[in-house]
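# Descriptive analysis of the structure
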Amino acid sequence: MLEKLAGVLKKAGPYVPVILLAFAKAAFAATSGGQPQIVTGAINLLNDVTSWLLGIIPAGSGAAIGYHALMKQMSDGDPATAAAHNRAMRNVLIGGAIGESAVGITKVFLSYFQG
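Notes on the structure follow.

How each quantity is defined
- Within any chain, residue numbers begin from 1 and follow the written order of that chain's sequence.
- Since the coordinates come from a predicted model, pLDDT governs what is reported: local features require at least 70, and pairs of side-chain atoms require 80 or more to be given and counted, while whole-chain, interface and lining totals use all residues.
- As a rule here, side-chain values cover all heavy atoms of the structure and leave hydrogens and water aside.
- The helix count covers DSSP runs of H or I at least four residues long, the strand count covers runs of E at least two residues long, and both are numbered beginning at the N terminus.
- Residue burial is assigned from relative accessible area. The probe radius is 1.4 Å, only protein chains are included, and a residue is buried under 20% of its type maximum, exposed over 50%, and partly exposed in between.
- Every residue pair with non-hydrogen atoms within 4.5 Å of one another is taken to be in contact.
- Exposure was quantified through the Shrake-Rupley algorithm and a 1.4 Å probe, taking into account, for residues, occlusion by the shown protein chains and nothing else.
- An axis is simply a line fitted to the C-alpha atoms; with a helix, the fit covers only the stretch in contact. Between two such axes, the angle follows the N-to-C directions and lies from 0 to 180 degrees.
- Note on terminology: angles under 35 degrees are roughly parallel, angles over 145 are roughly antiparallel, angles of 65 to 115 are roughly perpendicular, and the others are oblique.
- Under the convention adopted here, Pro, Cys and the residues Ala, Val, Leu, Ile, Met, Phe, Trp and Tyr are nonpolar, Asp, Glu, Lys and Arg are charged, and Gly plus all remaining residues are polar.

Time to look at the overall build of the protein chain. A tally of regular secondary structure across the protein chain gives 4 helices and 0 strands. Counting helices and strands in the order they occur from the N terminus, the protein chain gives α-α-α-α. Considering the protein chain as a whole, with its 115 residues, one finds that 14% of them fall into the buried category. For the protein chain, contacts bridging at least 24 residues in sequence account for 61% of all contacts bridging at least 6. When the accessible surface of the protein chain is summed, it comes to about 9000 Å², and 71% of that surface belongs to carbon and sulfur atoms.

Time to look at the packing of helix H3 (residues 37–73) against helix H4 (residues 79–114). The contact between H3 and H4 brings their axes to 9 Å, and the two run at 170°. Between H3 and H4, the interaxial angle falls into the category roughly antiparallel. Residue composition of the contact of H3 with H4, grouped by class: 18 nonpolar, 11 polar and 3 charged.

Written out as structure tokens, the structure reads:
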């Protein structure tokens, strides 16, 4: 008897999620605003993260540029070391600009869901 029941459940297993979704109400996950709570929470989280990144990226880039400028000054005129630090400062500037641009694009994308 148990083997027969297990065989039936094994065959019906892939169809159970489809059956459950077919009988679930459409507004089950929706809040009063019309969006599911997980979507609203994800939008709020991304807004908070991008707000923090808009401040952290310039601060980190400035600190890295300051470090490389200090190391360049302390290199005692070695042209190879100075060139390496100049290259690192340029890379930090490019990385900071790309990071700020990516955060800005994400903010613009998220503003679509706010309205």
